[in-house]
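# Understanding the architecture of this molecule
Each chain is listed here by its residues.
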Amino acid sequence: MAGGRIKGITIEINGDTVGLDKALKGVNTSIKQTQSSLKDVERLLKLDPKNIELLKQKQEYLTKAVDETKNKLEALKNAEQQAQQQFAEGKISQEQYNALQREIAETEQELRRLEEQATQANNSMQSISKLGEGFQEVGGKITAAGQALMPLSLAAAGVGAAAVKITADFDEAMSKVSAISGATGEDFDKLR
């Protein structure tokens, strides 16, 4: 936002007279830092649009940018009241007053743009959250199905273990028969 646009307009804040551009310097610096961080997050989201952590950060930076822009707009509107009086007294020119009006209009537009972005980011987070809940629900159903099938699996495992035991017992018994009868080779296979 064009801070140079409002040079030469002075306002009174807490009994001190200060230039409007200087009074807004801290807010403007904070807004620039937040928007720089927001651009960095948006750049990373282009590479990984479903990254939950980046989406959370984007939402946080948008919320912060909206708050900072609201603060700036409030300060500008307060300054506008003083500027109207100064304009009426001839202390500031028509051009300076018009520049303040343009700064207010630009700040209002920026606020609307940020609020729209915040709404879109919130909708994206909700969509991803619902998708995650859907996956959890499917996972829960799969877990429930697995738990329902567990008794059958255990029964099948029991049948398999019993079959192995029967086979082992049969082989042991046949070994005894072979030892007692002395059968080997084909004779043993016939007995088996």
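Structure: see above.
Residues numbered from 1 in each chain as written. Predicted model: local features only at pLDDT ≥ 70, side-chain atom pairs only at ≥ 80, totals over all residues. Heavy atoms only, no water.

## Examining the environment of Ser 37
Applied cut-off: By the criteria applied, helices consist of DSSP H or I runs no shorter than four residues and strands consist of E runs no shorter than two, each listed in order from the N terminus. Think of it in three bands: with a 1.4 Å probe and only protein chains considered, a residue is buried below 20% of the maximum accessible area for its type, exposed above 50%, and partly exposed in between.
Along the chain, Ser 37 falls in helix H2 (residues 25-47). We classify Ser 37 as partly exposed; its relative accessible area is 26%.

## Topic: the environment of Ile 128
Quick reminder of the rule: Only heavy atoms matter for contacts: two residues are in contact if any of them lie within 4.5 Å across the pair.
You can see Ile 128 is positioned in helix H4 (residues 94-181). Its relative accessible area of 17% is what places Ile 128 among the buried residues. A sequence separation of 76 residues divides Ile 128 from Ile 52, and the C-alpha atoms of the two residues are 8.1 Å apart. The contact partners of Ile 128, leaving out residues within four places of it in the chain, are Lys 50, Ile 52 and Leu 55.

## Describing the packing of aromatic side chains
This is how it is decided: Only Phe, Tyr and Trp rings take part, Trp by its six-membered ring, and two of them pair if their centres are within 6.5 Å. Stacked means planes under 30 degrees apart, edge-to-face means over 60, and tilted covers everything else.
Under the definition given, this model contains one aromatic pair. Look at Phe 87 and Tyr 97: their rings are 5.4 Å apart centre to centre, the planes differ by 15°, and that puts the pair in the stacked class. Of this pair, Phe 87 sits in helix H3 (residues 52-88) while Tyr 97 sits in helix H4, placing them 10 residues apart in sequence. By relative accessible area, Tyr 97 is classed as buried at 14%.

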